[in-house]
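Chain by chain, the residues:
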2 protein chains.
Amino acid sequence: MRWMIKNGTFITMNEEQPVFKGNMIVENDRIEALTADELDESQFNEVIDGSNRVYIPGFVNTHGHAAMSLLRGYADDLALQVWLQDKMWPNEAKFTANDVKWGTSLSVVEMIKSGTTSFVDMYDHMDEVAGVVETSGMRARLTRGMIAIGCSEQVQKDKIEEAIAFSKTWEGKANGRIATMMAPHAPYTCPPDFIEKVVQASHDLNVPLHTHMSETAREVQENVDQYGARPVAHLQKLGMFDRPCLVAHGVHLTDEEIAILKEYDVRVSHNPGSNLKLASGIARVPELLKAGVWVSLGTDSSASNNNLDMFEEVRLAALLHKGVSGDPTAVPAMEALKMGTLYGAKSIWFEDVGMLKAGYKADLVGVDIDQPHYYPKTDFASHLVYSGAGQDVADVWIDGKQVMKNRTLTTMDEEKIKAETQACYDRIMSTS
Amino acid sequence: MRWMIKNGTFITMNEEQPVFKGNMIVENDRIEALTADELDESQFNEVIDGSNRVYIPGFVNTHGHAAMSLLRGYADDLALQVWLQDKMWPNEAKFTANDVKWGTSLSVVEMIKSGTTSFVDMYDHMDEVAGVVETSGMRARLTRGMIAIGCSEQVQKDKIEEAIAFSKTWEGKANGRIATMMAPHAPYTCPPDFIEKVVQASHDLNVPLHTHMSETAREVQENVDQYGARPVAHLQKLGMFDRPCLVAHGVHLTDEEIAILKEYDVRVSHNPGSNLKLASGIARVPELLKAGVWVSLGTDSSASNNNLDMFEEVRLAALLHKGVSGDPTAVPAMEALKMGTLYGAKSIWFEDVGMLKAGYKADLVGVDIDQPHYYPKTDFASHLVYSGAGQDVADVWIDGKQVMKNRTLTTMDEEKIKAETQACYDRIMSTS
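If you're wondering where the values come from, they're calculated on a predicted model, not measured in any experiment.

Rules used throughout
- Residues numbered from 1 in each chain as written.
- Chains lettered and ligands numbered in written order.
- Predicted model: local features only at pLDDT ≥ 70, side-chain atom pairs only at ≥ 80, totals over all residues.
- Heavy atoms only, no water.
- Axes fitted to C-alpha atoms, helices over the stretch in contact; angles between N-to-C directions.
- Helix = DSSP H or I, 4+ residues; strand = E, 2+ residues; numbered from the N terminus.
- Parallel < 35°, antiparallel > 145°, perpendicular 65-115°, else oblique.
- Contact = heavy atoms within 4.5 Å.
- Nonpolar A, V, L, I, M, F, W, Y, C, P; charged D, E, K, R; others polar.
- UniProt positions renumbered as here; feature names shortened; annotations may be inferred.
- Polar contact = N/O pair within 3.5 Å; in protein donor to acceptor, adjacent residues only side chain to side chain.
- Domains from an automatic or database assignment.
- Buried area = accessible area lost by both parts, 1.4 Å probe.
- Core = buried A, V, L, I, M, F, W, Y, C linked by side-chain atoms within 4.5 Å.
- Buried < 20%, exposed > 50% of the residue type's maximum accessible area, 1.4 Å probe, protein only.
- Pairing = 2+ DSSP bridges.
- Salt bridge = Lys/Arg side-chain N within 4 Å of Asp/Glu carboxyl O.
- Expected span 1.5 Å × (residues − 1).
- Least-squares fit on C-alpha atoms with pLDDT ≥ 70 in both.

Would you mind going over the packing of helix H11 (residues 310–325) of chain A against helix H14 (residues 380–387) of chain A with me for this structure?
The angle between the axes and the distance between the axes are what describe a pair of packed helices. Residues and elements named next belong to chain A. Direction vectors running N to C along H11 and H14 enclose 90°, while the axes themselves pass 7 Å from each other. It follows that H11 is roughly perpendicular to H14 by the angle criterion. Of H14, the residues touching H11 (which contributes Phe311, Val314, Arg315, Ala318, Leu319 and Lys322) are Leu384, Val385, Tyr386 and Ser387. In terms of residue class, the contact of H11 with H14 is made up of 7 nonpolar, 1 polar and 2 charged.

Quick look at the structure:
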């Protein structure tokens, strides 16, 4: 299968050629070339007119819990610990494998429809999640999130075994679209010896680690009270950073901690929408970027966001740090767009994703720019970041395959998924 | 003309009945009733099925400069004064009446398509703006924004005369859809004696006042340096607050200043997107609301936002102040929605706008909730605020007349407007 987009505008994330106008050729799952040459159209299986589109690499959402879409709008405007312990966890405990399947499906629909082509998921019933990724055509780095406090030694052991089995089963599956990690949920939900066991498994499997870290000031203080160290030093000591490691949030960081993250090449998933909504605070993103840390963007779950539209996270990343720092040049539009795409791929070790360049995976998004908020036709990176929204996404390809065509999904039954998720929600709420 | 929506979900902004499920009857320009009664459909000119919609009062955008859409994306990521003085003002000086007509038209298209039914505009060539409002069916409070520094006494006098003439010509026109104000641009662009003259005109015409105030820390300091007072005390002394007055921004306010704004019933247009993008800071919205000041929402122009989607301002109002204050209950979803609708109407003295209630103007918006990010069907106020976007708006009525039907405008030629604004932009950029 060899196809092309002609007369498109491509925002590439490639510094050698940030914006390219012309044609893009895709062969099977990879970009073959971006070229201004006149091409013999008969040589291609399909030729797509790109003249009313701007193309970008698909967004990479580096932190989330897809199945939690079932709890969207269920309990807003509460503090993180109350929200987690009183509202989320008791209801999540009722989630069956079937709930996870449909909740994840709804999230994947939403992600594709707003231009996300890769995502991280940390949850339970992960075989269901992987199944949805496989059939939807999505790309993902998946991990069984493990909470260990309050569990017997046997249950802790079972959780790690389950996470290992999941990784062994799914790593590299679906033409490489599925990769895995190991994920102790957080320092405040996992005892140190448990974390060390997970780190060992990450070594054995040769997969990265993922965890929540320093999301709230309270959690940082409790870590100090309980373990005599802030979370960064604590996790460093437990060996987390000796492995490739992605931490979510990283809101409350000192200069020294930022230096440690850089030293160990720890990657940070910045979740501005979720951090604001849960009043967790505002991460020190300009400082992290300046230190050379890979900072990417995540939505977190749609229970704390409340959607999975990466346009919003990109815009928040661009706006928020200007307003907080007083520096209007903090996180310019193109840098925010890179955080949402290229830096996202880097953050989850997808080395051939996140750029429109020959040899990279053909994960890309066509945005409909024939709309009033994209006029006048000036700087499209600016328009995407400061004026765009997920609903502007018209076409999506992942691994060279078109998964959305003019806003119609080609791999998923949206109507059935909406109905099934509603049924799941109704059942969860009706059981105590 | 008498029509109804049946089986709709209405988020009313009426505290007696915040969410109503049933039917709404409209007669001519006003809501006749919200009723659960079975109705004889033959009694109505039109019966609309509302079962896949959530209805809210149209958004009221209380600060902007619509024609500046021509400069969207032209000069981002710069400091306010540089952006204004080096980028905006020199290009705005080239704007002709024709440019203002098309730039405003583009903005009105964008506003209607994202659910705004009333807006404030402070600009030049205001007869053109009023003309667009009249023909589009929009509702607006309009004012000729006056910059007086560097102008001769004669030019200053001419500007005030022009603003007075505009007010006299348009106040109450278009079945009352057009109202006016008097607007000295800002304390830093208008000498005190000029402001006093504008205040006098506002008395004479019996219309409110509008100005930019305390947007940046620098501007506050310069006011102190030049006039020995911060902007609030300065404007109070000049008599601005003895008249009904709407101030835009109000980012840098002390407790004492908030108390003065409350005492004089000054209304504040909070522009979170613009304030973040220009790194002006973050307004003390929870404190203003707590003090009982009417706080509404404005986009500012799409040159500093960069769109006119009030969903984004509502969401920012709900998210930002949680994250900054550390209080996740700050500005709950419904309060943010009220800021965007009811409080907006109150802020511009549209006393029968902003609520879905018998007797109020039929300015309303139908949002398409049959989309993944509105599932599961739980709390629709939350879904609108935390998950919605302007593109979800399907239908819009203003003054009882449908101006958008399933995303197609009924009063404006969108294609022509896009082409004309592009032509205006190209001409402006090609002239020095």
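What's the story with the UniProt feature "binding site: substrate" (unreviewed entry) in chain A in this structure? I'm lost.
Residues and elements named next belong to chain A. The positions UniProt marks with the feature "binding site: substrate" (unreviewed entry) are Glu92, Arg144, His185, Glu215 and Asp300. Topologically, arginine 144 is positioned in strand E8 (residues 139–146). Setting aside anything within four residues of it in sequence, one finds arginine 144 in contact with Tyr123, Asp124, Met126, Lys159, Glu162, Ala163 and Ala183. A polar contact of 3.3 Å, which involves the side chain of arginine 144, links it to the side chain of aspartate 124. Residue placement: aspartate 300 occurs in the loop between strand E14 (295–297) and H11. Apart from residues lying up to four places away in sequence, aspartate 300 is in contact with His63, Gly64, His65, Glu215, His249, Asn271, Ser274 and Leu308.

What should I look at first to understand the domain arrangement of chain A in this one?
By convention, interface size is frequently given as the accessible area that disappears when the constituent parts associate. All names here are of chain A. According to the domain assignment, chain A contains domain 1 (2–57 + 362–408) and domain 2 (59–347). Between the C-alpha centres of domain 1 and domain 2 there is a distance of 29 Å. Between domain 1 and domain 2, roughly 2,300 Å² of surface is buried when both sides are summed, and carbon and sulfur atoms account for 65% of that area. When the buried area of domain 1 at its contact with domain 2 is split by residue, Met13, Val385 and Tyr386 rank highest and sum to 29% of it.

What am I meant to see in the nonpolar core here?
Burial of nonpolar side chains together is a common tendency in soluble globular proteins. Core analysis: the biggest nonpolar cluster contains 260 residues, and Met182 and Phe241 of chain A together with Phe241 of chain B have the highest contact counts within it. Look past the residues within four positions of phenylalanine 241 of chain A in its chain and what remains in contact with it is Met213, Val232, Leu235, Gln236, Val247, Ile260, Leu261, Tyr264 and Val266 of chain A.

Explain the sheet that holds strand E13 (residues 267–270) of chain B here, please?
All names here are of chain B. The strand order E11-E12-E13-E14 describes an open sheet built from 4 strands, whose pairing is parallel. With one partner strand each, in any of the chains shown, strand E11 (209–213) and strand E14 (295–297) form the two edges of the open sheet. Pairs of neighbouring strands in the sheet enclose a mean axial angle of 30°, with direction left out of account. In the sheet, E13 pairs with E14 via 3 bridges, with the strands oriented parallel.

Help me understand the UniProt feature "binding site: Zn(2+)" (unreviewed entry) in chain A, please; the structure alone is not making it clear to me.
Residues and elements named next belong to chain A. As recorded in UniProt, the sites labelled "binding site: Zn(2+)" (unreviewed entry) are His63, His65, His212 and Asp300. These annotated residues cover 238 residues of sequence, but their C-alpha atoms sit close together, with the largest distance between any two at 11.9 Å. Looking at where histidine 63 falls in the secondary structure, it is placed in the loop between strand E6 (59–61) and helix H1 (80–92). Under the relative-accessibility criterion, histidine 63 is labelled buried at 0%. Sequence-distant contacts of histidine 63, defined by excluding residues within four places in its chain, comprise Val120, Met122, His210, His212, Ala248, His249, Ser269, Asn271, Gly298, Thr299 and Asp300. In terms of polar contacts, histidine 63 uses its side chain to reach the side chain of histidine 212, at 3.1 Å. Residue classification places histidine 65 among the buried positions, given a relative accessible area of 9%. Among all residues touching histidine 65, those that are not within four sequence positions of it are Asp121, Met122, Tyr123, His212, Asp300 and Ser301.

Is there a simple way to think about the side chain of threonine 62 of chain B in this case?
Residue and element names in this part refer to chain B. Position of threonine 62 relative to the elements: it lies in the loop between strand E6 (59–61) and helix H1 (80–92). In this structure threonine 62 comes out as buried when scored by relative accessible area, which is 0%. Reaching out from threonine 62, the side chain makes a polar contact with the side chain of serine 269 at a distance of 2.8 Å. In terms of polar contacts, threonine 62 uses its side chain to reach the side chain of serine 296, at 2.8 Å. Excluding residues that lie within four positions of it along the chain, threonine 62 makes contacts with Val120, His210, Leu246, Ser269, Ser296, Leu297, Gly298, Gly344, Ser347 and Ile348.

Explanation requested: the interface of chain B and chain A in the structure shown.
Facing the 59 residues of chain B at the interface are 59 residues of chain A. Run the count over chain B and chain A and you get 6 salt bridges. The closest approach of N and O atoms between aspartate 77 of chain B and lysine 322 of chain A, which form a salt bridge, is 3.4 Å. Counting every contact that joins chain B to chain A gives 36 residue pairs in polar contact (both at pLDDT 80 or more).

Would you mind going over helix H2 (residues 97–113) of chain B with me for this structure?
Every α-helix winds through 3.6 residues per turn, so residues three or four apart in the chain are directed the same way. Residue and element names in this part refer to chain B. Look at H2: 24 Å from first C-alpha to last across 17 residues, which is about the 24 Å you get at 1.5 Å a residue. Most of H2 is tucked away: 14 of the 17 residues are buried. Among the residues trailing H2, glycine 115 stands out with phi positive, at a value near 95°.

What exactly am I supposed to notice about the pattern of salt bridges here?
A side chain with one charge can pair with a side chain of the opposite charge if their charged atoms come near. What the rule picks out here adds up to 60 salt bridges over all chains. Residue arginine 284 of chain A is joined to glutamate 287 of chain A by a salt bridge in which the shortest nitrogen-to-oxygen separation is 3.9 Å. Residue classification places arginine 284 of chain A among the partly exposed positions, given a relative accessible area of 24%. Its salt-bridge partner being aspartate 399 of chain B, residue arginine 139 of chain B comes within 2.8 Å of it at the nearest N-O pair. Separated by 260 residues along the polypeptide, arginine 139 of chain B in strand E8 (residues 139–146) and aspartate 399 of chain B in the loop between strand E16 (393–398) and strand E17 (401–405) bring together distant segments of the chain. Like aspartate 399 of chain B, arginine 139 of chain B is buried. Three or more residues are tied together by salt bridges with common partners; here these are Asp29, Arg139, Lys361, Asp363 and Asp399 of chain A.

When you look at the pairing of strand E3 (residues 30–35) of chain A in this model, what are you seeing that I'm missing?
All names here are of chain A. Pairing between strand E2 (residues 19–27) and E3: 5 bridges, direction antiparallel. Bridge pairing in E3 links asparagine 23 to threonine 35. Connecting E2 to the next strand, E3, in antiparallel fashion are 2 residues, including asparagine 28 with a positive phi near 50°.

Please clarify how the pairing of strand E11 (residues 209–213) of chain A should be interpreted in this entry.
On any regular strand, side chains alternate: one points to one face of the sheet, the next to the other face. Taking burial as the measure, the 5 residues of E11 of chain A include 5 buried ones, the bulk of the element. What you see with E11 of chain A is no split at all: Leu209, Thr211 and Met213 of chain A on one side and His210 and His212 of chain A on the other are buried throughout.

Where do I start with the environment of proline 272 of chain A in this structure?
All names here are of chain A. Along the polypeptide, proline 272 turns up in helix H9 (residues 272–277). In this structure proline 272 comes out as buried when scored by relative accessible area, which is 1%. For the pair proline 272 and aspartate 77, spaced 195 residues apart in sequence, the C-alpha to C-alpha distance is 16 Å. Not counting residues up to four positions away in its chain, the partners in contact with proline 272 are Leu297, Gly298, Glu313, Leu316, Ala317 and Leu320.

Help me out: how do you make sense of the relation of the copies chain B and chain A in this one?
These two copies of the chain differ by a rotation about an axis and a displacement along the same axis. Between the two copies, chain B and chain A, the superposition gives an RMSD of 0.0 Å; the rotation angle is 180° and the shift along the axis is 0.0 Å. Both chain copies can therefore be described as sitting about a two-fold axis. When each C-alpha of chain B is compared by its distance to the rotation axis, glutamine 391 of chain B comes out closest, at 3.2 Å.

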